Amino acid sequence: MTWMDMTESEIRETMLSYGAPAFRAKQVSDWLKKGVRPEAMTNLPKSLREHMAEIPFGGARIFQKYVSPKDGTVKYLFALEDENLVEGVLMRYSYGNTVCLSTQIGCNMGCKFCASTLNGCVRNLRPGEMLSFLAEIERDEPPKPDQSRTITNIVLMGSGEPLDNYDNVVTFLKRVTSMEGPNISARNISISTCGIVPKIYRFIEDAPHVTLSISLHAPNNEIRSGVMPINKAYPIEEVLAAAKAYAERTGRRVVFEYALIGGTNDSHADAIALARRLRGMLCHVNLIPLNPVKERGLMGVSREHAYQFCEWLTQEHISATVRREMGTDIDGACGQLRRRVLHELNG
Ligand code: SAH
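In what follows, the accompanying structure is described. Note that the structure is a prediction, hence the values are computed from the model and not measured.

1. Structural notes on the sheet that holds strand S9 (residues 211–215)
Turning to step 1, where the next piece is worked out: With mixed pairing, the 10 strands of this open sheet are ordered in space as S1-S2-S3-S4-S7-S8-S9-S10-S11-S12. Both edges of this open sheet fall to strand S1 (61–67) and strand S12 (320–322), since each of them pairs with a single strand only. Across the sheet, the mean angle separating the axes of adjacent strands is 20° when strand polarity is ignored.
Turning to step 2, where the next piece is worked out: Note that strand S10 (residues 254–260) and strand S11 (residues 283–289) share seven bridges and pair parallel. Following the sheet pairing, Glu 257 is matched in S11 by Asn 286.
Turning to step 3, where the next piece is worked out: Across the sheet, helix H5 (residues 166–176) lies against strand S4 (96–101), strand S7 (153–156) and strand S8 (189–193), angled at about 180° from S7, the strand it touches most.
Turning to step 4, where the next piece is worked out: Helix-sheet contacts for helix H9 (residues 236–250) involve S9 and S10, and the interaxial angle to S10 is about 145°.

2. A short note on the site of the ligand
Turning to step 1, where the next piece is worked out: Among the 17 residues in the neighbourhood of the ligand, the closest are listed as Gly 160, Ser 192, Ser 215, His 217 and Asn 291.
Turning to step 2, where the next piece is worked out: Between His 217 and the ligand, the recorded distance is 2.6 Å, taken from a side-chain N or O atom to an oxygen atom.
Turning to step 3, where the next piece is worked out: In this structure, Asn 291 approaches the ligand through a main-chain N or O atom, which is 2.8 Å from a nitrogen atom.
Turning to step 4, where the next piece is worked out: For the ligand, whose unbound accessible area comes to 530 Å², protein coverage reaches 93%.

3. Considerations on the layout of surface pockets
Turning to step 1, where the next piece is worked out: Of the voids in this model, the second largest pocket is the one considered here, and its volume is about 620 Å³.
Turning to step 2, where the next piece is worked out: Along the wall of the second largest pocket there are 26 residues; nearest its centre are Lys 33, Lys 34, Glu 180, Gly 181 and Pro 182.
Turning to step 3, where the next piece is worked out: Put simply, the parts of the chain that give the lining of the second largest pocket at least two residues each are helix H1 (8–17), helix H2 (22–33), helix H4 (127–140) and H5.
Turning to step 4, where the next piece is worked out: When residues in the lining of the second largest pocket are grouped by element, the largest group, five residues, is from H4.
Turning to step 5, where the next piece is worked out: When the residues that make up the lining of the second largest pocket are grouped by side-chain class, the tally is 12 nonpolar, five polar and nine charged.

The rules behind these values
Residues numbered from 1 in each chain as written. Predicted model: local features only at pLDDT ≥ 70, side-chain atom pairs only at ≥ 80, totals over all residues. Heavy atoms only, no water. Pairing = 2+ DSSP bridges. Helix = DSSP H or I, 4+ residues; strand = E, 2+ residues; numbered from the N terminus. Axes fitted to C-alpha atoms, helices over the stretch in contact; angles between N-to-C directions. Contact = heavy atoms within 4.5 Å. Near = heavy atom within 4 Å. Polar contact = N/O pair within 3.5 Å; in protein donor to acceptor, adjacent residues only side chain to side chain. Areas by Shrake-Rupley, 256 points an atom, 1.4 Å probe, with all protein chains shown as cover. 1 Å grid on protein atoms, 1.4 Å probe; cavity = no way out; pocket = protein on both sides within 12 Å on 5 of 7 lines; lining within 4 Å. Points joined across faces, edges and corners; volume = space filled by probe spheres on them. Nonpolar A, V, L, I, M, F, W, Y, C, P; charged D, E, K, R; others polar.

Limitation: the analysis is restricted to geometry and does not speak to function.
Structure below.
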């Protein structure tokens, strides 16, 4: 157990066990909500802070920060207590600010185009660590005078596969949407999965108000298995059946992410095959021109070609858009920044 992972009642119990008066628990939880570590809780007696040091803090600190001069996107590299590094991104939109969080350090899914997975998964992130990313960003980029908070939306689309860290992710979602925590509406939160089908069904029951995105990236099993090893365990038919179950259970559309990889999944025939697959489903396709990762040897496509692919889908009456590019000047894509910095640190 760590301080950042404790619920309010666990904090109360722990403070009671220290023999501290009840109001101390409230002070401690107010600090923890702001991501402050025990030694910096200035309104507590020093002896109490020393006592608290017996339990690890369990939060993160900002290790490096990059601001895109182009669009104001902020990329953070957080350092965890075990010195692991992990990324998070703050993106500014007209309707509010979205934070993209990681759920694991690295990833085990092995997608052929992704930098996060190149060295496998180091470990899962805990709910308290994910909460502390939010608190650190809020503190680093305080709200403007007309805003009550900086972060209005969250996407779990950083490094890692959220459904491969299921319990921690669901606990995090419960805490982040609760009145005790940051109290962000579930409707303003999205998670993205590569398609671990049984976990999708569980997730629909555990967190039906969270928006579900599925990384599809292909119109058929042949192409999908070539770029996403998970497809060999859960083929595209099963992924689409789970997506349909989500749409039917929630009445909300599923977002399919489709990274356009030059010469692999970007032809007119691919667009038509995709449209056939998705016909009649409550869904939206989010097209992303592949952000080429040096180690991966796969090609991207031009923005023009992405718009062309989008047009092919639209002509087939499939709702589709090309994702706005943000932070490409600061290693925006998953896992790229962490890799670059690790290389620099290790020479
Ligand atoms: N593991 C989850 C979430 C993490 S990645 C998932 O697979 O959905 C968020 C999105 O970025 C996914 O759709 C992922 O496939 C995509 N992605 C990863 N590397 C990329 C790259 N180099 N270019 C474009 N999209 C990429």
